[in-house]
Amino acid sequence: MAILAALALALLAHDARDTARELDRPRTFARSGYVGSGQCLRCHAQHGASFRRTYHATMTQEASAASVLAPFDGSELEYMGVRARMQRGPRGEYRMTFDDGRTHWQADVARTVGSHRYQQFLAREAGVYFRLPIAWDVARARFIHMNTAFLTADPPRPNPSQAIARSDYDRHVTRWNDNCVFCHNVHPNPGLDPVTGRFETRVAELGVACEACHGPGGEHVARNADPLRRYALHLSGRADPTITNPRRVAPARSAEICGRCHGQRITSDVSRFLVHGDSFVPGEPLSKFSKPLARDTTLHGQSGAFAARFWNDGTPRLTAYEYQGYLQSACTSGGKLECESCHAMHAGDPAGQIRPELAGDRMCTQCHRELTAPGAIAAHTHHSASSNGSRCGACHMPNLVYGLASVHLSHRIETPDPAANAASGRPDACTSCHVDRTRSWAADALSRWLKRESSTSANDAHTELPALTEQLLAGDPIVRAVAADAFGRNTAAFAPGHRARIVGLLQDTLDHDPYPAVRELAARSLAAVIGRGGPIAPSALAPELAQTLRARAAQAAIEIGE
Amino acid sequence: MNELAAAAELLRARRFGWTSLCIWAALGLGLEAAHGWKLSAYLDDPLTQTLLRLGHAHGVLLACASLLYASQGLPLLAARSDGGHAIGRLLRIAGLTMPLGFALGALGHGESDPGVAIFLVPAGALCLLLALAQLALASFRAR
């Protein structure tokens, strides 16, 4: 017995020595294969369950009764003379048929993309997936044309009885294999054959699953089959070198993992990406493979290709550029801020994925503790502590980012500066809430609070109209979308006498704006403002002035798709 | 000497068996109560459930094994000078460490791995196998 015990102890000691050595061996990125979330769930069932609640997990799915959120029950949607009908085919296919009065065409849904705000549909043709022109608006339970989600003006229509051109109707029918595939799946590889132009697209897993953020799990699974290794890791408290844990890497590196998709980027070798896929592995520097787009990023040597996606001061004004906003934030310079400072991938409400313990201002006061002292918030904000104006995000992360027929808060955490914002042609935090006020009013108020000289004298032209009024009528489509949305927010503050004017402005936008997305936001705000009660009157704006402003807006037409 | 040692061993095996059976059966009652009162710390943690059930089951079965050893095993070891004390000790070590390893493994466990106390289980299992092997051998030798 003693001999057996001694033998067992000797074996254990030998194994423990090997384990200690093995723990120090780094991951071999090149050899580490993707295994799929099914393998991960065998050991990480709780993390799997918490992640499956999120909209990341259902980002791309094969079409099925479980994944298709829209009722394909014969519903119809007419847009610019083209009638789309959504119904089931004879074998249960999710089928869209289109009729423009002259021709008739159809497509069967093969995959779905998204499940939170909108669900888009993909059809398969000759091994290639195409996005269909109709999407499902989840919150409002209705079908929409993609022009409503993306900022695209109504196409020209020869006459009211004739439908728009098929190419205009299919403006957003884009190929999935070399577009959507990159951010909505694990380890995407378009697989473009540069000779034939054909795609052999492969992904490690459809949707955003475990390995999208943690990296390939093959080596992790193999090396952790050894129980001694697992216990040595647990007891030592060390990070496992075989897998990336975004919470255990440097904040900047952790943010890069999110920034890969939440920060549109460009690579110097696009063709390599299309042929071999994106080689980025979470935990490696993102800059090895691509760099985030900026206002001055050039495309084929030409500047300005991406300028419309940013405000003039470089602040992103579209969603999926949150990483750029993060990089521009003052909070980032300390080196401690990471996406997971506020967000949680395995906890909280799936909408927004805010860390549950940090709801509201606690996201900011976890670092800015001085603001939790009694009276500190009101002294800091010059607003009542309980008012919307005292919420951190209202001033430091204003809603000025457009995405999928919604306006979202900016991820550039900054100090409000209405004068500088006016100079760079972007909305400011103050007049985004005080919707009946001018920019100079906002700039003067801030100067008074900060006891500095006002710098608004050069902006007298802006003082004639409330900032939001001018933006709604004369801005480019994103400015108008942001303004249309701001009027309807429950944080919008205006004197009772301005209500009739706001209703008139929104009605005017609804009647005249050529962008369906702007009209959609105006319609929502109109309903919200009317819902507040009080008298309604036609626009109080002089018709000539409105016409002049609309002419300025027409010159600022842009189109933002993917 | 053999008879005295055997009598002492019989007493130890009975004491251990009945006491252990009482304790681990009581844990079973506790688990039923956790179900009855819908104790979330137990119901929401599948690994804790599994480990406590394993602790309960091993505890009860090994207590029964100790009693079986007292009635059916000891007569086979009458010829041994220690009266079967060494084998009985192995059985009692197994009866103690295996259920305790499972039950205590529920404390501080990871997402899919029990706490470090689980290492008591293989040690106990080794003792159990050694004891059973010797008992099996004795059963062949007995007339």
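Residues numbered from 1 in each chain as written. Chains lettered and ligands numbered in written order. Predicted model: local features only at pLDDT ≥ 70, side-chain atom pairs only at ≥ 80, totals over all residues. Heavy atoms only, no water.

Visitor: Help me understand empty space enclosed by the protein in this model?
Guide: Empty space among the atoms becomes apparent when a probe as large as a water molecule is rolled across them. Residue and element names in this part refer to chain A. Enumeration according to the criterion identifies three cavities of 30 Å³ or more in this entry. One number sums up the size of the largest cavity: a volume of about 50 Å³. Forming the walls of the largest cavity are P316, L318, T319, Y321, E322, G325, V401, L409, S410 and H411. For the lining of the largest cavity, a count of residues per class yields five nonpolar, four polar and one charged. (1 Å grid on protein atoms, 1.4 Å probe; cavity = no way out; pocket = protein on both sides within 12 Å on 5 of 7 lines; lining within 4 Å. Points joined across faces, edges and corners; volume = space filled by probe spheres on them. Nonpolar A, V, L, I, M, F, W, Y, C, P; charged D, E, K, R; others polar.)

Visitor: Could you clarify how one ought to interpret a nonpolar patch on the surface in this entry?
Guide: All names here are of chain B. The grouping of L96, L100, L104, L107 and L120 at the surface amounts to a nonpolar patch, some 420 Å² of accessible area in total. With three residues, helix α4 (residues 85-105) is the single largest residue contributor to the nonpolar patch. Counting through the fold element by element, L107 comes out in the loop between α4 and α5 (120-141). (Patch = residues over 30% accessible without salt bridge, like charges linked within 9 Å, V, L, I, M, F, W, Y side chains within 5 Å. Areas by Shrake-Rupley, 256 points an atom, 1.4 Å probe, with all protein chains shown as cover. Salt bridge = Lys/Arg side-chain N within 4 Å of Asp/Glu carboxyl O. Helix = DSSP H or I, 4+ residues; strand = E, 2+ residues; numbered from the N terminus.)

Visitor: What is the right way to read the interface of chain A and chain B from this model?
Guide: By a widely used convention, the size of an interface equals the accessible area lost when the partners come together. Between chain A and chain B, the contact holds twelve residues from the first and ten residues from the second. Note on chain A versus chain B: buried area summed over both sides is about 1,000 Å², and carbon and sulfur give 60% of it. Here chain A is connected to chain B by one salt bridge. D113 of chain B is paired through a salt bridge with R230 of chain A; the nearest N and O atoms lie 2.4 Å apart. (Contact = heavy atoms within 4.5 Å. Buried area = accessible area lost by both parts, 1.4 Å probe.)

Visitor: I keep staring at the packing of helix α19 (residues 477-488) of chain A against helix α21 (residues 516-531) of chain A and nothing clicks. Help me out?
Guide: How two helices pack is summed up by the angle between their axes together with the distance between the axes. All names here are of chain A. Relative to each other, α19 and α21 sit at 15 degrees, their axes nearing to 7 Å. The angle between α19 and α21 falls in the class roughly parallel. Of the two possible hands of crossing, α19 and α21 adopt the one that is left-handed. On the side of α19, the interface is formed by P477, R480, A481, A484, D485, F487 and G488, while α21 contributes V518, L521, A522, S525, A528 and V529. (Axes fitted to C-alpha atoms, helices over the stretch in contact; angles between N-to-C directions. Parallel < 35°, antiparallel > 145°, perpendicular 65-115°, else oblique. Left-handed = near helix turned anticlockwise from the far one by under 90°.)

Visitor: Hey, could you run me through the packing of aromatic side chains in this one?
Guide: Given two aromatic rings, their pairing is described by the distance between the two centres and the angle made by the two planes. Residue and element names in this part refer to chain A. If you walk through the whole model with that rule in mind, you get 13 aromatic pairs over all chains. With a centroid separation of 6.3 Å and 80 degrees between ring planes, the pair formed by W105 and Y169 is classed as edge-to-face. Of this pair, W105 sits in strand β5 (residues 104-113) while Y169 is found in helix α5 (residues 166-169), placing the two residues 64 residues apart along the sequence. Judged by relative accessible area, W105 falls into the buried class, the value being 12%. Here Y169 falls in the buried class, since its relative accessible area comes to 1%. With 6.0 Å between their ring centres and 75 degrees between their planes, F280 and F289 make a pair best called edge-to-face. Sitting over the face of the ring of Y94, R88 holds its NZ or CZ atom 4.0 Å from the ring centroid. R166 extends its terminal NZ or CZ atom over the ring of W105, reaching a point 3.9 Å from the ring centre. (Phe/Tyr/Trp six-rings, centres within 6.5 Å; stacked < 30°, edge-to-face > 60°. Buried < 20%, exposed > 50% of the residue type's maximum accessible area, 1.4 Å probe, protein only. Lys NZ or Arg CZ within 6 Å of the ring centre and 35° of its normal.)

Visitor: Sorry, what's going on with the nonpolar core here?
Guide: When a protein is soluble and globular, its nonpolar side chains tend to lie buried together. Ranked by size, the top nonpolar core spans 44 residues in total, and within it Y402, F487 and L506 of chain A carry the most contacts. Secondary-structure elements contributing two or more residues to this core are α4 (146-149), β14 (399-403), α18 (467-474), α19, α20 (499-512) and α21 of chain A. Among the elements that make up this core, the one with the highest residue count is α19 of chain A (eight residues). Those residues within four positions of Y402 of chain A in sequence are excluded, and the remaining contacts are T148, A149, F150, L151, R317, L318, T319, I478, A481, A517 and L521 of chain A. One finds L51, A94, A103 and C127 of chain B within the second-largest nonpolar core, a separate group that totals 29 residues. (Core = buried A, V, L, I, M, F, W, Y, C linked by side-chain atoms within 4.5 Å.)

Visitor: Sorry if this is basic, but what is going on with α19 of chain A here?
Guide: Side chains that are three or four residues apart share a direction in an α-helix, a result of its 3.6 residues per turn. Residues and elements named next belong to chain A. Under the 1.5 Å per step criterion, the end-to-end length of α19 is 17 Å for twelve residues, consistent within 8% with the ideal 16 Å. Residues P477, I478, V479, R480, A481, V482, A483, A484, D485, A486 and F487 constitute the buried set of α19. Near the N-terminus of α19, the side chain that reaches the backbone nitrogen of I478, with its oxygen 3.0 Å away, is that of D476. (Expected span 1.5 Å × (residues − 1). Polar contact = N/O pair within 3.5 Å; in protein donor to acceptor, adjacent residues only side chain to side chain.)

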